[in-house]
Amino acid sequence: MLNPQSLSAIQGALRELQLDGWLLFDFHGANPVASGMLGLEGLLTRRVFALVPREGTPVAISHAIEQAPWKRWPAEWPRERYTSWRSLEQHLAKLVNGKKVAMEYSPGDAVPYLDRVPAGVLEMVKSAGAKVVSSGELVTRFYAAWSVAHVESHRRAASVVAQIARDAITVAGKRARGGAPLAEHELARLILDRFAEQRLFTDHGPIVAAGANAANPHYEPSSASPRPINRGDILLVDLWAKEQTDTGVYADQTWMASLGPPSARALDIWTAVRDGRDAAIALVQDRVSKGTPVRGAEVDDAARAVITSRGFGEYFTHRTGHSIDPRDLHGSGPHIDNLETREERLLVPGVAFSIEPGVYISGEIGVRSEVNVYLAAGKAVVTPDNYQRELIIAE
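Computed from a prediction, not measured in an experiment: that's the story for all the values here.

Chemist: Talk me through the overall build of the protein; I want residue IDs and the actual numbers.
Modeler: When helices and strands are tallied, the protein shows nine helices and 16 strands. Expressed as lengths along the three principal axes of its C-alpha atoms, the size of the protein is roughly 75 × 40 × 35 Å. Relative to its 395 residues, the protein shows a buried fraction of 53%. By element, 50% of the accessible surface of the protein is carried by carbon and sulfur atoms, the whole surface being about 16,500 Å². Of the side-chain charges in the protein, 43 are positive and 47 negative, and the distance between the mean point of each set is 4 Å.

Okay, here's the thing in structure tokens:
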């Protein structure tokens, strides 16, 4: 969050990037980056701007009737007030005229998670005399990066989530073997109950998908259409949760099992997905350990190349991974993607993301394997510690 402690680092980055400032804009929560950086709380129904300059003191522009949400804004930092559109535009022009500023904008909508500022606002800022560029690198460094406390919380959550996943698969296997199989939605309920016992929070889910249902990457089990998890099924369990603290960040994992001996085809698909995942992990770890730049798009390419070489490329229909930032499971930092979006941002120390390639053959089978990775100085750490290497056989 923007505060006197973070200001020096942000201004150093602005000088490095040869920018005059970072212009934050929000309206009705349309830009979570701006609202998160500004730490505004309370009723906000009017447009807000804040310029973090390369030198000097940040300046905000806020509506006269909405001052209460700015209680975290330091008293020594100016805050201009407007009432009319004319006064808003006058304040804005005074702030940005002749400056090169970064905003949450992605040319050509290359990365939608960065494209948060409406076209009309960009036109307003440009008309005020500013040149606008993307704030992508600033978002990566100062909005999406984890703190030490985030890492510690994530590691604890990852360990618990992994154990709950393995336990759930064991229960499904025992019930199927005993002739009283659980339905998908019942296993999902069991997972949610375990989250509650462990004081973990999740916003929705999990995904529990048996057989051909797993060929839908966003499948939702339902009591309205119960599907038993039977012997002989391939089972996908995708679950995510975080600690219920201010520093809690999500652990997001997908585990795969066969209830009984798997077919040769199921093993081939699982192996292709796992090896694609491991190729992505290996690329990140190698580049980071050597201090060599690596981009999310390159990591996506590495996973996709393996799965394509095994004959399943056409069935890998989503990005390899998503950003996990301190606020959101699907965050605003660099994604592992060169399919859905053009993700050219560098993976830098502090960021975290999922690696989760999958193969989805409609009407037949779906396989995904998901781990998380966070970057520290000189290393890329995979969680959970004991992530899945082989297809689980739940006898």
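We are not done yet, so read on.
Chemist: Which residues make up the nonpolar core, and what values do they have?
Modeler: Ranked by size, the top nonpolar core spans 30 residues in total, and within it Trp-146, Met-256, Ile-269, Val-359, Ile-365 and Val-367 carry the most contacts. When residues of this core are traced back to their parent elements, those giving at least two are strand S8 (207–210), strand S9 (234–243), helix H8 (264–290), strand S12 (358–361) and strand S13 (365–368). In this structure, Val-359 is in contact with Ile-269, Val-273, Ile-307, Phe-312, Tyr-315, Ile-365, Gly-366 and Val-367, ignoring residues within four places of it in sequence. Formed by 28 residues, the second largest nonpolar core is a distinct cluster that contains Ala-158, Ala-168, Leu-182 and Trp-255.

Chemist: Now, about the environment of Leu-259: what can you tell me, with residues and values included?
Modeler: If you trace the backbone, Leu-259 turns up in the loop between strand S10 (251–258) and H8. In this structure Leu-259 comes out as buried when scored by relative accessible area, which is 0%. As for Leu-259 and Leu-391, which are separated by 132 residues in sequence, their C-alpha atoms are 10 Å apart.

Chemist: Could you give an account of the packing of H8 against helix H9 (residues 296–309), naming the residues involved and the relevant values?
Modeler: Relative to each other, H8 and H9 sit at 150 degrees, their axes nearing to 8 Å. Two packed elements cross with a definite hand, and for H8 against H9 that hand is right-handed. For the pair formed by H8 and H9, the contact residues are Ala-272, Val-273, Asp-275, Gly-276, Ala-279, Ala-280, Leu-283, Val-284 and Arg-287 on the first element and Glu-298, Val-299, Ala-302, Ala-303, Val-306 and Ile-307 on the second. For the contact of H8 with H9, a count of residues per class yields eleven nonpolar, one polar and three charged.

Chemist: Outline the packing of aromatic side chains, listing residues and values.
Modeler: For the structure on display, the rule yields four aromatic pairs. Arranged with centres 5.4 Å apart and planes meeting at 90 degrees, the rings of Trp-70 and Trp-73 form a pair that is edge-to-face. In this structure Trp-70 comes out as buried when scored by relative accessible area, which is 2%. You can call Trp-73 buried: its relative accessible area is 8%. Grouping aromatic residues by their ring pairs yields a cluster made of Trp-70, Trp-73 and Trp-77. The positively charged end of Arg-389 is found above the aromatic ring belonging to Tyr-387, 3.7 Å away from the centroid.

Chemist: Any details on helix H4 (residues 119–127)? Residues and values, ideally.
Modeler: Taken together, the buried positions of H4 are occupied by Val-121, Leu-122, Met-124 and Val-125. Buried residues in H4, looked at end-on, bunch into an arc of 160 degrees, giving them a common side. Among the exposed residues of H4, those oriented more than 90 degrees off its buried face are Ala-119, Glu-123 and Ser-127. Of the surrounding secondary structure, the elements contacted by the buried residues of H4 are strand S1 (21–26), strand S2 (48–53), helix H3 (85–96), strand S5 (100–103) and strand S6 (131–134). Phi for Gly-129, located one or two positions after H4, is positive at around 100 degrees.

Chemist: How would you explain the pattern of salt bridges if you had to name every residue and give the values?
Modeler: If you walk through the whole model with that rule in mind, you get 24 salt bridges. With a closest N to O distance of 3.1 Å, Arg-194 and Asp-167 form a salt bridge. Here Asp-167 lies in helix H6 (residues 148–177) and Arg-194 lies in helix H7 (residues 184–197), a separation of 27 residues in the sequence. If you follow the salt bridges from partner to partner, you end up with Arg-274, Asp-275, Arg-310 and Glu-390 in one network.

Chemist: I'd like a description of the sheet that holds S1, backed by residues and values.
Modeler: Spatially, S4-S3-S2-S1-S5-S6 is the arrangement adopted by the six strands of the open sheet, whose pairing is mixed. Here the strands that pair on one side only, and so sit at the sheet edges, are strand S4 (79–82) and S6. Strand-to-strand twist in this sheet, taken as the mean axis angle between neighbours without regard to direction, amounts to 25 degrees. Sheet topology note: the strand S3 (residues 59–63)/S4 ladder contains four bridges and is parallel. Each bridged residue has a counterpart across the sheet, and for His-63 the counterpart in S4 is Tyr-82.

Chemist: Just give me the short version of unusual backbone geometry, but keep the residues and values in it.
Modeler: Here Gly-205 and Pro-206 are connected by a cis peptide whose omega angle stands at 5 degrees. Within the fold, Pro-206 resides in the loop between strand S7 (200–201) and S8. For Asp-109, which is not a glycine, the phi torsion comes out positive at approximately 55 degrees. When you line up the elements, Asp-109 lands in the loop between S5 and H4. Residue class for Asp-109 comes out partly exposed when judged on its relative accessible area of 41%. Even without being glycine, Arg-199 reaches a positive phi, approximately 60 degrees. Residue classification places Arg-199 among the exposed positions, given a relative accessible area of 67%.

Cut-off values and rules
- Residues numbered from 1 in each chain as written.
- Predicted model: local features only at pLDDT ≥ 70, side-chain atom pairs only at ≥ 80, totals over all residues.
- Heavy atoms only, no water.
- Helix = DSSP H or I, 4+ residues; strand = E, 2+ residues; numbered from the N terminus.
- Buried < 20%, exposed > 50% of the residue type's maximum accessible area, 1.4 Å probe, protein only.
- Areas by Shrake-Rupley, 256 points an atom, 1.4 Å probe, with all protein chains shown as cover.
- Lys, Arg positive; Asp, Glu negative; His and termini not counted.
- Charge placed at Lys NZ, Arg CZ, Asp CG, Glu CD.
- Core = buried A, V, L, I, M, F, W, Y, C linked by side-chain atoms within 4.5 Å.
- Contact = heavy atoms within 4.5 Å.
- Axes fitted to C-alpha atoms, helices over the stretch in contact; angles between N-to-C directions.
- Left-handed = near helix turned anticlockwise from the far one by under 90°.
- Nonpolar A, V, L, I, M, F, W, Y, C, P; charged D, E, K, R; others polar.
- Phe/Tyr/Trp six-rings, centres within 6.5 Å; stacked < 30°, edge-to-face > 60°.
- Lys NZ or Arg CZ within 6 Å of the ring centre and 35° of its normal.
- Arc of directions from axis to C-beta.
- Salt bridge = Lys/Arg side-chain N within 4 Å of Asp/Glu carboxyl O.
- Pairing = 2+ DSSP bridges.

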